[in-house]
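Spelled out, the chains give:
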Amino acid sequence: MKSRKKSDGATLSRLQGLCALLGLIVTLAAIVVLARSAFAHQSPPDLSVRPEDPRPVASGWAVEVRVLNKGDMTAAAVEIEGEAEGERARASLDYVPGRGEKRATLVFSSNAKPQARVRVMGWSDP
């Protein structure tokens, strides 16, 4: 093993200096991202719902719906309603994240394949 001569002050190896520099860069980047998100204007939730094709289940037909949030803020307690041939089905989602999506399933008891019309009834701020 090679021994290193130490001077009066502690010397840093190149690897230690590189790690310190990398840590400084990561810390500064995190501060910039947090400050930017704290002071940026966030748009409110903008929800839309898209039904998928119905599939048969034991109790009738299941229609899976995708709820998309185009806003920056999260929507909580999202209520969804679907109607097909006079029958209504409802579902609720705990939340839909900003710029994200969630799925829910509506079940209709009709014998024929339903053509469901779906909509978002409402939501609240988390």
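Notes on the structure follow. Fair warning: this is a prediction, and the values are worked out from it, not measured in the lab.

It is worth spelling out the side chain of Ser 110 at this point. Inspection of the secondary structure assignment puts Ser 110 in the loop between strand E6 (101-108) and strand E7 (117-124). A distance of 3.0 Å separates a polar atom in the side chain of Ser 110 from the backbone oxygen of Ala 112.

Although it is not a glycine, Glu 85 sits at a positive phi angle of roughly 50°. Relative to the helices and strands, Glu 85 resides in the loop between strand E4 (75-84) and strand E5 (87-96). Positioned with a positive phi, Arg 99 is a non-glycine residue whose angle comes to about 55°. Within the secondary structure, Arg 99 sits in the loop between E5 and E6.

The end-to-end C-alpha separation of helix H1 (residues 14-39) is 38 Å, in line with the 38 Å expected for 26 residues at 1.5 Å each. Of all the 26 residues making up H1, 0 are buried; the element is thus mostly uncovered.

Now for the pairing of E5. Across 9 bridges, the pairing between E4 and E5 is antiparallel. Opposite Ile 80, over in E5, you have Ala 91 as the bridge partner. The hairpin turn running from E4 into E5, its antiparallel successor, is 2 residues long, and Glu 85 in that turn takes a positive phi close to 50°.

What counts and what doesn't
- Numbering of residues begins from 1 in every chain and follows the order in which that chain's sequence is written.
- Residue-level local features of this predicted model are given only where pLDDT is at least 70; pairs of side-chain atoms are given and counted only at 80 or more, and the full residue set underlies all totals for whole chains, interfaces and linings.
- Side-chain numbers come from the whole structure's heavy atoms, not from hydrogens or water.
- Strands are runs of DSSP state E lasting at least 2 residues, helices are runs of H or I lasting at least 4, and numbering of each runs from the N terminus.
- We call two N or O atoms a polar contact when they sit within 3.5 Å, provided that within protein one can donate a hydrogen and the other can accept it, with sequence-adjacent residues counted only if both atoms are side-chain atoms.
- Here the expected span of a helix is defined as 1.5 Å times the quantity of residues minus one.
- Between buried and exposed lies partly exposed: a residue is buried under 20% and exposed over 50% of the maximum accessible area for its type, with that area taken using a 1.4 Å probe on protein chains only.
- Only when DSSP finds a minimum of two bridges between them are two strands counted as paired.

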